[in-house]
Amino acid sequence: MGKTLLKLIFFLLPSMAISTSAGDNIRMVTSLWDDFLAALRRGDYPAAYALFSTESREVFPYSDFSRHYGPLSAAREAVLARPESRSVRVEGDWAEIANSGVWPDSRRRFRVVAAAVQNQGSWCLVAAESEVRERQEAAAREVLRTAAAWRGLPDAAERLAELVAAGSDQPAFRDFVFQTDGDHFRALPKAPGFRAFHLDSWGAIRPGANPGGLQPLPKTPAAPMKTQPVTVPAPPPPASSPSNGLPELAEPPFLSGPGELPEPPAFPVTRPFPDPEAVFLPERIQ
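Just so you know, these numbers come straight off a predicted model, no measurement behind them. (Residues numbered from 1 in each chain as written. Predicted model: local features only at pLDDT ≥ 70, side-chain atom pairs only at ≥ 80, totals over all residues. Heavy atoms only, no water.)

As for the sheet that holds strand 8 (residues 197-199)
Spatial strand order, 6-7-8-9: 4 strands in an open sheet with antiparallel pairing. The sheet is open, and its two borders are formed by strand 6 (176-180) and strand 9 (205-207), each paired with just one other strand. The mean inter-strand angle of the sheet, taken between neighbouring strand axes irrespective of direction, is 20 degrees. Here 3 bridges tie strand 8 to strand 9, and the two strands are oriented antiparallel to one another. Pairing of Phe 197 across the sheet is with Pro 207, part of strand 9. In this fold helix 6 (residues 131-147) packs onto strand 6, strand 7 (185-189), strand 8 and strand 9, with an angle of close to 20 degrees to the strand it touches most, strand 6. Where helix 7 (residues 156-166) meets the sheet, it contacts strand 6 and strand 7, and its direction lies at approximately 160 degrees from that of strand 6. (Pairing = 2+ DSSP bridges. Helix = DSSP H or I, 4+ residues; strand = E, 2+ residues; numbered from the N terminus. Axes fitted to C-alpha atoms, helices over the stretch in contact; angles between N-to-C directions. Contact = heavy atoms within 4.5 Å.)

Given below as structure tokens:
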């Protein structure tokens, strides 16, 4: 299956709860999603693409994005479909936006789910191919954020060890090693593909190991990142009616207003343009 940016699930799932303690972040994530939809509607593909994280854009070039969400694409139609409900869940630096609705032609329910990540104070959308990496890194930063309260305490190392032991089955602790000498805190990846993070002198989380007074992490065998195969059904075709025994042409996708279909402007690409005959839909990593 080809690369995609956003991932879709076309069936009804339980609603995601909204955390009232993350109200500000929920508003920022909601605004981010609305900005993305607005850019797609007016055909401003560079602006829509720029809303994705740097890590996401590294694995999903603009040429792929402009094709998947260009004029008359199925993915664009699904993302811009009018939802009946929306929910947002924020957990630390990670967020998910879910929009549910009904296809007007078939009356089948659909659900569009997008991920967003916060890094150094900014929220960005996350590409499907980068979701595993960025979600694990967000979890590692959350551990460092918790440990920051222990800086300078004589039992800081013991507290960190207890936190790691209590969450040993969590992905962040499987993919990262957390170290401290009481003053320096850092998260080092066990496998390639992830970034290291540390707490700076002000308690902010920064990328990089910044060893300080800590010993280097012993080398461990590299393990490949795991991904889950996803099968995504296409949106149902519009219902047809008899016409004296003659086949009918398929109706074009529903458009929400005039002036929505400008061709994507030119943009630098990092690899050859994909096969124009292929059609891919967004996916959703479970």
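Brief notes about the pattern of salt bridges
Within this structure, the stated rule accounts for 16 salt bridges. The closest approach of N and O atoms between Glu 142 and Arg 145, which form a salt bridge, is 2.6 Å. Separated by 3 residues within a single helix, Glu 142 and Arg 145 lie in helix 6, roughly one turn from each other. For Glu 142, a relative accessible area of 31% translates into the label partly exposed. Counted as one network, the salt bridges with shared partners bring together Glu 55, Glu 58, Arg 133, Glu 137 and Arg 195. (Salt bridge = Lys/Arg side-chain N within 4 Å of Asp/Glu carboxyl O. Buried < 20%, exposed > 50% of the residue type's maximum accessible area, 1.4 Å probe, protein only.)

Side note on the confidence of the model for the protein chain
Low pLDDT means the predicted atomic positions in that stretch should not be read closely. On average, the protein chain scores 73 in pLDDT, and the residues at 70 or more come to 65%. The element-level mean pLDDT for the protein chain is lowest in strand 1 (residues 7-9), coming to 40, with helix 2 (residues 45-49) highest at 95. Long-range and interchain partners of residues 239-261, a stretch whose pLDDT sits below 50, account for 18 contacts in this model, where long-range means more than four residues apart. Here residues 264-282 is a poorly scored stretch, pLDDT under 50, and it has 46 contacts once near neighbours within four places are set aside; other chains count. (pLDDT = per-residue confidence, 0-100.)

So, the nonpolar core
If you look at the biggest cluster of nonpolar residues, it comprises 34 residues, and the most contacted ones within it are Val 29, Trp 33, Phe 36, Leu 40 and Phe 65. Contributions of two or more residues to this core are made by helix 1 (23-41), helix 2, helix 4 (62-68), helix 5 (74-79), strand 2 (85-91), strand 3 (94-102), strand 4 (109-119) and strand 5 (122-125). Examining the composition of this core, we find that 8 residues originate from one element, helix 1, more than from any other. One finds Ala 140, Ala 156, Phe 173 and Phe 185 within the second-largest nonpolar core, a separate group that totals 16 residues. (Core = buried A, V, L, I, M, F, W, Y, C linked by side-chain atoms within 4.5 Å.)

Digging into the pairing of strand 4
The element strand 4 is extensively covered by neighbouring structure, given that 10 of its 11 residues are classed as buried. The turn linking strand 3 back onto strand 4 is made up of 6 residues, and Arg 107 within it adopts a positive phi angle of 65 degrees.

Quick look at the environment of Pro 83
In this fold, Pro 83 is placed in the loop between helix 5 and strand 2. For Pro 83, a relative accessible area of 37% translates into the label partly exposed. On a C-alpha basis, the gap between Pro 83 and Val 102 in space is 7.5 Å, while along the polypeptide they are 19 residues apart. Filtering out sequence-adjacent residues up to four positions away, Pro 83 remains in contact with Asn 99, Ser 100 and Gly 101.

Some thoughts on the packing of aromatic side chains
Scanning the model with the defined rule gives 12 aromatic pairs in all. Consider the rings of Tyr 62 and Phe 65, whose centres lie 6.3 Å apart with planes at 35 degrees: the pair is tilted. Placement of both Tyr 62 and Phe 65 in helix 4 is noted, with a separation of 3 residues, approximately one turn of the helix. Residue classification places Phe 65 among the buried positions, given a relative accessible area of 0%. Through pairs of rings, three or more aromatic residues link up here, namely Trp 33, Phe 36, Tyr 49, Phe 52, Tyr 62, Phe 65 and Tyr 69. (Phe/Tyr/Trp six-rings, centres within 6.5 Å; stacked < 30°, edge-to-face > 60°.)

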